[in-house]
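Report on the structure
These are the residues of each chain, in order.
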Amino acid sequence: QVQLVESGGGLVQAGDSLKLSCVVSGRIFSNLAMGWFRQSPGKERDFVAAINWSGGRTFYANSKKGRFTVSRDNTKNTMYLQMNSLKPEDTAVYYCAAPGQNYRAYDDTSSYPYWGQGTQVTVSS
């Protein structure tokens, strides 16, 4: 069974940086992408970034390019999300997700049957 545990969230000021971590245990489809999503109160869960676990190819939501960087350390079974120049609108619960057999696309939540518990990121103005 796949388990994901996020950490690294917190309360920061606008312009600050945070680095989120997602530790993965269990067997995953290493040729597919793992993703980061976020969800604000009353809104849908939105795609942030994804990375192909085996090859390291990265994907980003257009609005996150340049400020967010996704990476992984296979030796530590950990995926990261470096977030720079944070804005109040980045406030959300951030989730990491692992792909399943019905994988469709890296930005489609239905591709990911495995989710972490989420970590809160709050950016004050």
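Report follows, based on the coordinates. (Residues numbered from 1 in each chain as written. Predicted model: local features only at pLDDT ≥ 70, side-chain atom pairs only at ≥ 80, totals over all residues. Heavy atoms only, no water.)

1. A few points about the state of the cysteines
Evaluated as defined, the whole model comprises one disulfide. Paired by a disulfide, Cys-22 and Cys-96 hold their sulfur atoms 2.1 Å apart. Between Cys-22 and Cys-96, the S-S torsion sits near 65°, and that sign places the bridge as right-handed. On the criterion of sequence distance, the pair formed by Cys-22 in strand β3 (residues 18–25) and Cys-96 in strand β9 (residues 92–98) is long-range, its members being 74 residues apart. With a relative accessible area of 0%, Cys-96 lands in the buried category. (Disulfide = S-S within 2.5 Å. Helix = DSSP H or I, 4+ residues; strand = E, 2+ residues; numbered from the N terminus. Buried < 20%, exposed > 50% of the residue type's maximum accessible area, 1.4 Å probe, protein only.)

2. Focus: the pairing of strand β4 (residues 33–39)
Most of β4 is tucked away: six of the seven residues are buried. As paired elements, β4 and strand β5 (residues 46–52) share six bridges and run antiparallel to each other. By the bridge assignment, Arg-38 is partnered in β5 with Asp-46. Linking β4 to β5, which pair antiparallel, is a turn of six residues; within it Gly-42 sits at a positive phi near 80°. Relative to β9, β4 runs antiparallel, the two sharing five bridges. Within β9, the position partnered with Trp-36 by the bridge is Cys-96. (Pairing = 2+ DSSP bridges.)

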